[in-house]
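Single-letter residue listing:
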Amino acid sequence: MNAQMLETILHRHPKDPSSIIQVMLDIQNELYYLPRDVLNYVSEYLNVPLSRTYNLATFYKAFSLKPKGKYPIAVCTGTACHVQGAIKIMEQIERELHIKEGETTPDKKFSVESVRCLGCCGLAPVVTVGKNLHGRIPTSKVSKILKQYE
Ligand code: FES
């Protein structure tokens, strides 16, 4: 993150410890993750103990300390989805994007991870891409779904 972008984000919010979550959300929205050097700077700037900042970064699912794609893909591998072929879906996504689970594409467009039960087992197998949920997807539709985000 360049200094100007960070300054713009910091000036959107009061220079007060209570702004920490909002600032972190803005950084996450820009970069799709929270770089450690940026978190260190923000902690000091807002006078928030570094331990608190990292606790927030690891507690809330909206935050990631590892680079994520603009469209994070979550493949449900809970029991119902597993039975309906979630592993094959994951393998197909990995083949399409040329990355492995836990990785991000070089253009930072997609990242992929597995999650446990998204709470809609009736739609198994389920995959989310960003905020969108795709249910009952056959392996053959993976490519078409990913193309929607290009
Ligand atoms: S197991 Fe996949 S949504 Fe429940």
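The structure under discussion appears in the preceding block.
The notes below deal with the structure included here. (Residues numbered from 1 in each chain as written. Predicted model: local features only at pLDDT ≥ 70, side-chain atom pairs only at ≥ 80, totals over all residues. Heavy atoms only, no water.)

## Overview of the packing of aromatic side chains
Part 1 of the reasoning: Evaluated as defined, the whole model comprises 5 aromatic pairs.
Part 2 of the reasoning: Ring geometry for Y41 and Y45: centres 6.3 Å apart, planes at 15°, overall stacked. Pair noted here: Y41 and Y45 are both in helix α3 (residues 36–46), with a separation of 4 residues, about one helical turn.
Part 3 of the reasoning: On the basis of an interplanar angle of 90° and a centroid distance of 5.0 Å, the ring pair of F59 and Y60 is categorised as edge-to-face.
Part 4 of the reasoning: Following the ring pairs from residue to residue traces out a cluster consisting of F59, Y60 and F63.
Part 5 of the reasoning: The ring of Y45 has K15 sitting right over it, with the charged end atom 4.6 Å from the ring centre. (Phe/Tyr/Trp six-rings, centres within 6.5 Å; stacked < 30°, edge-to-face > 60°. Helix = DSSP H or I, 4+ residues; strand = E, 2+ residues; numbered from the N terminus. Lys NZ or Arg CZ within 6 Å of the ring centre and 35° of its normal.)

## Focus: the nonpolar core
Part 1 of the reasoning: Membership of the largest hydrophobic core comes to 24 residues, with the highest contact counts inside it found for I73, V75, I93 and V127.
Part 2 of the reasoning: Secondary-structure elements contributing two or more residues to this core are β1 (71–76), α6 (86–97), β2 (110–115), β3 (127–129) and α7 (142–147).
Part 3 of the reasoning: Considering every element that reaches this core, the biggest residue donor is α6, with 5 residues.
Part 4 of the reasoning: Those residues in contact with I73 that lie beyond four places of it in its chain are I93, L97, F110, S111, V112, E113, V127, T128, V129 and L146.
Part 5 of the reasoning: Listed in part, the 20 residues of the second largest apolar core include I27, V42, L46 and L56. (Core = buried A, V, L, I, M, F, W, Y, C linked by side-chain atoms within 4.5 Å. Buried < 20%, exposed > 50% of the residue type's maximum accessible area, 1.4 Å probe, protein only. Contact = heavy atoms within 4.5 Å.)

So, to be careful, I would describe these as geometric facts and stop short of saying anything about function.
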